[in-house]
Amino acid sequence: MAEGKNLKIKAYHSDAATKIAKKEATAAYIFLIPAFIGLTVLTYGPLLAVFGISFFNWGRIPKFTMDSFIGLENYIYLFRDDPFFKDSIKVTAFFTLLAVAGSLIYSLAVAMLLNRKIPARGFFRAVFYIPYVLPAVAVYMGWSWLYEPNYGLFNYVLTLLNVDKVNFLQDSKLVIPSLALISVWLSGNLIVIFLAGLQNVPRVYYEAAEIDGANFWQRFLNVTVPSMTPIIFYNLLMAIVTNMQIVTPALALTQGGPGNSTRFMTYLMYYEGFYSGRLSSAAAISFVFFIIVAIFTAIIFVTSREWVFYEGDK
């Protein structure tokens, strides 16, 4: 009798737990509805619309009819005849490589310095983070004054060192590194994330390394870097996606020049769609750009299994 009563009690509690779980799941879905609507309307809907427009001859005056359907002609033109498209891929890749590598090295180095017990540490943390929250156009205009060939600060320093003045933004060989330097300076968000990761590295690891006689570089390579790989992975992913979408310096400073040396893919989209009025061509560029970003993202995720280590991994 007692066993039967216990079974009934367990069944009752099980049914109650199931009902509670169903209610919680229903509430979760209800609260997720706005997010699903926003994701559909603001992300997937426009993506599908852009993909559809790329198959039509769509200019300033929309012609979404079967007569204007041209199939893959926009894509064929991009890869075969467009004078700017292939160069824009190279320019975007070169800028992304410099900006991402520089941002990761700079932000990790600064985060390690700010993680030490130094006077006014909170003040310096704010100083390095502020550039990230400043208006982008204002930042690039300010740096354009620093790069100014005649009276800019950088050229003034070069004259003090008896070095010839440099046209940072007018030289096709220097303009991409110059813009990448600005992007590195703007990576305050990466510094904050790295700093948070450094503060979560177990101190016992460093103490064990010090007991074994490890110097700074050995502790950095064998303790800091392996412990920080999840943070490095996240910052690497975010830096690549952000810098591949670069467009502000081309709009604010260079207008794609000198020559076509800063005609990034995003700037080429803007030029085709809003300056030349070829919206279908701009849509094709944007979809190809989406595929390129997706490929880089997939490569990072796949390769991360080999170099990202989480606590508790064997």
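The model shown is predicted, which means the values in this text are computed figures rather than measured ones.

The rules behind each value
- Residues numbered from 1 in each chain as written.
- Predicted model: local features only at pLDDT ≥ 70, side-chain atom pairs only at ≥ 80, totals over all residues.
- Heavy atoms only, no water.
- Phe/Tyr/Trp six-rings, centres within 6.5 Å; stacked < 30°, edge-to-face > 60°.
- Helix = DSSP H or I, 4+ residues; strand = E, 2+ residues; numbered from the N terminus.
- Buried < 20%, exposed > 50% of the residue type's maximum accessible area, 1.4 Å probe, protein only.
- Lys NZ or Arg CZ within 6 Å of the ring centre and 35° of its normal.
- Patch = residues over 30% accessible without salt bridge, like charges linked within 9 Å, V, L, I, M, F, W, Y side chains within 5 Å.
- Areas by Shrake-Rupley, 256 points an atom, 1.4 Å probe, with all protein chains shown as cover.
- Salt bridge = Lys/Arg side-chain N within 4 Å of Asp/Glu carboxyl O.
- Polar contact = N/O pair within 3.5 Å; in protein donor to acceptor, adjacent residues only side chain to side chain.
- Contact = heavy atoms within 4.5 Å.
- Axes fitted to C-alpha atoms, helices over the stretch in contact; angles between N-to-C directions.
- Parallel < 35°, antiparallel > 145°, perpendicular 65-115°, else oblique.
- Left-handed = near helix turned anticlockwise from the far one by under 90°.
- Nonpolar A, V, L, I, M, F, W, Y, C, P; charged D, E, K, R; others polar.
- pLDDT = per-residue confidence, 0-100.

### A short note on the packing of aromatic side chains
On inspection of all chains with the given rule, the structure shows 23 aromatic pairs. Judged by centre distance (6.0 Å) and plane angle (40°), the ring pair of tyrosine 267 and tyrosine 270 falls under tilted. Of this pair, tyrosine 267 and tyrosine 270 both sit in helix α12 (residues 265-275), three residues apart, roughly one helical turn. Accessibility expressed as a relative area gives 35% for tyrosine 270, which makes it partly exposed. Pairwise contacts between aromatic rings join Phe51, Phe55, Tyr75, Phe287 and Phe290 into one cluster. When the ring centre of phenylalanine 84 is taken as reference, the NZ or CZ atom of arginine 263 above it lies at 4.2 Å.

### Observations concerning a nonpolar patch on the surface
On the surface, Tyr129, Ile130, Tyr132, Val133, Leu134, Trp185 and Val192 cluster together into a nonpolar patch covering about 600 Å² of accessible area. Take the nonpolar patch: its biggest share by element is four residues, from helix α4 (residues 121-133). The residue tyrosine 129 is located in helix α4 in this model.

### Re the side chain of serine 261
By secondary structure assignment, the location of serine 261 is in the loop between α11 (248-254) and α12. The class of serine 261 is buried, set by a relative accessible area of 11%. A polar contact is formed between the side chain of serine 261 and the backbone oxygen of proline 258, at a distance of 2.6 Å. In this structure serine 261 touches Val91, Ser172, Val175, Ile176 and Gly256, once residues within four positions along its chain are discounted.

### Thoughts on the packing of helix α3 (residues 85-114) against helix α10 (residues 216-244)
Contact geometry for α3 and α10: axes closest at 9 Å, N-to-C directions at 140°. Classified by the angle between their axes, α3 and α10 sit oblique to one another. Of the two possible hands of crossing, α3 and α10 adopt the one that is right-handed. For the pair α3 and α10, the contacting residues are Thr92, Phe95, Thr96, Ala99, Val100, Leu104, Leu108 and Met112 in the first and Phe216, Phe220, Met228, Asn235, Leu236, Ala239, Ile240, Asn243 and Met244 in the second. Classifying every residue of the contact of α3 with α10 by side-chain character gives 13 nonpolar, four polar and no charged.

### Here we look at the confidence of the model for the protein chain
Residues at a pLDDT of 70 or more form 91% of the protein chain, whose mean pLDDT is 87. No element of the protein chain has a lower mean pLDDT than helix α1 (residues 2-53), which averages 76, and none a higher one than helix α7 (residues 175-185), which averages 95.

### Some remarks on unusual backbone geometry
The amide bond that connects glycine 257 to the next residue, proline 258, takes the cis arrangement and shows omega of -5°. Looking at the element boundaries, proline 258 is found in the loop between α11 and α12. We note that alanine 120 has phi near 55°; this positive angle belongs to a residue other than glycine. A positive phi angle, close to 60°, is found at asparagine 162, a residue other than glycine. Note on placement: asparagine 162 falls in the loop between α6 (153-160) and α7.

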